[in-house]
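# A structural walkthrough
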Amino acid sequence: MNMLVLTICLALSTAIPRILPAVFISRMHFSRGARKFLRLLPVSVMAALIFPGVIQSSPNAAACLTTIGLSVFCGLMNWPPITTVLASAGAVWLLLVLM
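These remarks concern the structure in this document.

The rules we used
- Residues numbered from 1 in each chain as written.
- Predicted model: local features only at pLDDT ≥ 70, side-chain atom pairs only at ≥ 80, totals over all residues.
- Heavy atoms only, no water.
- Helix = DSSP H or I, 4+ residues; strand = E, 2+ residues; numbered from the N terminus.
- Buried < 20%, exposed > 50% of the residue type's maximum accessible area, 1.4 Å probe, protein only.
- Areas by Shrake-Rupley, 256 points an atom, 1.4 Å probe, with all protein chains shown as cover.
- Axes fitted to C-alpha atoms, helices over the stretch in contact; angles between N-to-C directions.
- Parallel < 35°, antiparallel > 145°, perpendicular 65-115°, else oblique.
- Left-handed = near helix turned anticlockwise from the far one by under 90°.
- Contact = heavy atoms within 4.5 Å.
- Nonpolar A, V, L, I, M, F, W, Y, C, P; charged D, E, K, R; others polar.
- 1 Å grid on protein atoms, 1.4 Å probe; cavity = no way out; pocket = protein on both sides within 12 Å on 5 of 7 lines; lining within 4 Å.
- Points joined across faces, edges and corners; volume = space filled by probe spheres on them.

The subject of this paragraph is the overall build of the protein chain. Helix and strand counts for the protein chain stand at four helices and zero strands. Ordered by position from N to C terminus, the α and β elements of the protein chain give α-α-α-α. Per-residue burial over the protein chain gives 12% buried out of 99 residues. Carbon together with sulfur atoms contributes 77% to the accessible area of the protein chain, which is approximately 8,100 Å² in total.

Time to look at the packing of helix 3 (residues 61–76) against helix 4 (residues 81–98). Running from amino to carboxyl end, helix 3 crosses helix 4 at an angle of 155°, the nearest separation of the two axes being 9 Å. If you check the angle between helix 3 and helix 4, you find them roughly antiparallel. In this structure, helix 3 crosses over helix 4, and the sense of that crossing is right-handed. Along the contact surface, helix 3 presents Ala62, Ala63, Thr66, Thr67, Leu70, Ser71 and Cys74, while helix 4 presents Thr84, Ala87, Ser88, Ala91, Val92, Leu95 and Leu96. For the contact of helix 3 with helix 4, a count of residues per class yields nine nonpolar, five polar and no charged.

Turning our attention to the packing of helix 2 (residues 32–57) against helix 3. Axis separation between helix 2 and helix 3 bottoms out at 8 Å; the angle between their running directions is 150°. Looking at the two axes, helix 2 sits roughly antiparallel to helix 3. The residues of helix 3 that touch helix 2, namely those facing Phe51, Val54 and Ile55, are Cys64, Thr67 and Ile68. Classifying every residue of the contact of helix 2 with helix 3 gives five nonpolar, one polar and no charged.

The volume enclosed by the largest pocket comes to roughly 730 Å³. Element by element, the count of residues in the lining of the largest pocket is highest for helix 2, at seven residues. Each residue belonging to the lining of the largest pocket can be placed in one class, and the counts come to 13 nonpolar, seven polar and no charged.

The following block contains the structure:
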């Protein structure tokens, strides 16, 4: 029984912070600048989380810079995220094998 209560509490503690902002924000009207900022926020947060990992992933600076460049290119071309990840990982692997 304790495990069920724990599971329910954990589910609520995860769901409430995700559901409440969605409910309140859906009723608000934002300016064009605020809407653009909110659309770009997930991208900038992911970039801040991923960029240090890319830099530390390989001892080869050329592979790191190629990965960053390829990721930026894929993003500008509006490719799906999985395509960007696979292309970047493949580029690093290929560069490390060739060097």
